[in-house]
Amino acid sequence: MILQSYQIKIPAKTGNLEVIRNFLISSLQTLKFSEEELNKVLLSVDEACSNVIRHAYNFKENQIKIDLKIEKNKISIFVTDSGKGFDPSKIETPKMDEYLKNFKVGGLGILIMKKLMDEVEYDIRPGSQNKVKLVKYF
Amino acid sequence: MNTNENIFDGVTVLELSGRFDATQTRDFKEKIHSLISNEQVYIVLNLKDVAFIDSSALGSIVACLRSLNQANGDIKLANLQDEVRGIFTLTRLSSVFEIFDDVKSAVNSF
């Protein structure tokens, strides 16, 4: 059962990452998250939003929507865009040995989200609606 | 993010403060390439006042390390807050960079 629900819809640009962060801090302040757990959520959402700005919209300004749903024992955050999608089945966790050996740049965001959140799911409909779901239990 | 620059014993110490995310990566890379152009290729990043870092920022530091290595230089990190250090450990980038507890140790390591 959803106890609380919050939403923000704003232009997808890097300058708004801090706005999104402050929206989450404000919305989550009544929960008993430790600072460490809160920071994991903030960083994961930052990564999801950065991916939208960079990959879905290629830095062209468009809208991004963040929905936060609070249940008894978990929070779910949905990051939604209408940009270029991707095939979730082709998303691989970066092979860090190769990454480090070649000083490859990029791809770390997915690794960080998967490590910091309890669940990461994708619902991709290119050009229509792409959604990343991030879940953290508490 | 604010940046202060000082030179100690030929080593450039960049003090960053605030959030280090996708908003700041372009300025950061331009700063490093400006230093490389001035032949300042030994760099210490003082991250004492950086409480938040994301993958875009990590990627920009890795890119700068690659550029500095090509110029026979290096970049070392100092004063990482626990959260930031945790991200370096999580991504295993802690094995790529030399990380020091204070700026003096980082400067002396060159």
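First, a word on scope: everything that follows refers to the structure included in this document. Since the model is a prediction, treat every value here as computed from it, not as a measurement.

Brief notes about the packing of aromatic side chains
Residues and elements named next belong to chain B.
- Counted under the stated rule, the structure contains four aromatic pairs over all chains.
- Aromatic side chains F20 and F28 sit 5.1 Å apart centroid to centroid with 65° between the ring planes, which places their arrangement in the edge-to-face category. F28 shares its class with F20; the two are buried.
- R19 extends its terminal NZ or CZ atom over the ring of F52, reaching a point 4.2 Å from the ring centre.

Let's talk about the interface of chain A and chain B
- Every contact between the two is made by 27 residues of chain A and, on the other side, 24 residues of chain B.
- Summing both sides of the interface, chain A and chain B together bury roughly 2,000 Å²; the carbon and sulfur share of this comes to 65%.
- Here chain A and chain B share one salt bridge between them.
- In this structure, D46 of chain A and R19 of chain B form a salt bridge, with 3.2 Å as the shortest nitrogen-oxygen distance.
- One can count five residue pairs in polar contact (both at pLDDT 80 or more) joining chain A with chain B.
- Breaking the side of chain A that touches chain B down by element, the ones donating at least two residues are α1 (17-28), α2 (35-56), α3 (96-102) and α4 (108-116) of chain A.
- Considering each element in turn, the side of chain A that touches chain B owes the most residues, eight residues, to α2 of chain A.

Digging into the pattern of salt bridges
- Here the structure, examined in full by the defined rule, presents ten salt bridges over all chains.
- A salt bridge links K76 of chain B to E98 of chain B; its shortest N-O distance comes to 3.1 Å. Taken together, the residues K76 of chain B in strand β4 (residues 74-78) and E98 of chain B in the loop between α3 (82-90) and β5 (99-100) connect sequence positions 22 residues apart.
- Its salt-bridge partner being D101 of chain B, residue R85 of chain B comes within 3.4 Å of it at the nearest N-O pair. Of this pair, R85 of chain B sits in helix α3 while D101 of chain B sits in the loop between β5 and α4 (103-108), placing them 16 residues apart in sequence.
- In this structure, a network of salt bridges that share partners links the residues E37, K40 and K136 of chain A.

Notes on the packing of α2 of chain A against α4 of chain A
Residue and element names in this part refer to chain A.
- Running from N to C, α2 and α4 point in directions that differ by 150°, and their axes come no closer than 9 Å. In this structure, α2 crosses over α4, and the sense of that crossing is left-handed. Seen from α2, the contacting residues are K40, L43, S44, E47, A48 and N51; seen from α4, they are G109, I110, I112, M113 and L116.

Thoughts on the environment of L31 of chain A
- Residue position: L31 of chain A is located in the loop between α1 and α2.
- Those residues in contact with L31 of chain A that lie beyond four places of it in its chain are I70, I75 and F138 of chain A.

Some thoughts on the nonpolar core
- Residues F28, I32, L45, I53, I75, F88 and F97 of chain B are the most contacted members of the largest nonpolar core, which totals 34 residues.
- For this core, the secondary-structure elements that each account for two or more residues are α4 of chain A together with β2 (11-20), α1 (25-37), β3 (42-53), α2 (55-70), β4 and α3 of chain B.
- The element best represented in this core is α2 of chain B, accounting for seven residues.
- If sequence neighbours within four positions are ignored, I53 of chain B has contacts with L43 of chain A together with F20, L58, I61, V84, I87 and F88 of chain B.
- Ranked by size, the runner-up nonpolar core spans 33 residues in total, among them A48, V52, I77 and V132 of chain A.

Overview of α4 of chain A
- Most of α4 of chain A sits out of view: seven of its nine residues are buried.
- Among all positions in α4 of chain A, only L108, G109, I110, L111, I112, M113 and L116 of chain A are buried.

Rules used throughout
Residues numbered from 1 in each chain as written. Chains lettered and ligands numbered in written order. Predicted model: local features only at pLDDT ≥ 70, side-chain atom pairs only at ≥ 80, totals over all residues. Heavy atoms only, no water. Phe/Tyr/Trp six-rings, centres within 6.5 Å; stacked < 30°, edge-to-face > 60°. Buried < 20%, exposed > 50% of the residue type's maximum accessible area, 1.4 Å probe, protein only. Lys NZ or Arg CZ within 6 Å of the ring centre and 35° of its normal. Contact = heavy atoms within 4.5 Å. Buried area = accessible area lost by both parts, 1.4 Å probe. Salt bridge = Lys/Arg side-chain N within 4 Å of Asp/Glu carboxyl O. Polar contact = N/O pair within 3.5 Å; in protein donor to acceptor, adjacent residues only side chain to side chain. Helix = DSSP H or I, 4+ residues; strand = E, 2+ residues; numbered from the N terminus. Axes fitted to C-alpha atoms, helices over the stretch in contact; angles between N-to-C directions. Left-handed = near helix turned anticlockwise from the far one by under 90°. Core = buried A, V, L, I, M, F, W, Y, C linked by side-chain atoms within 4.5 Å.

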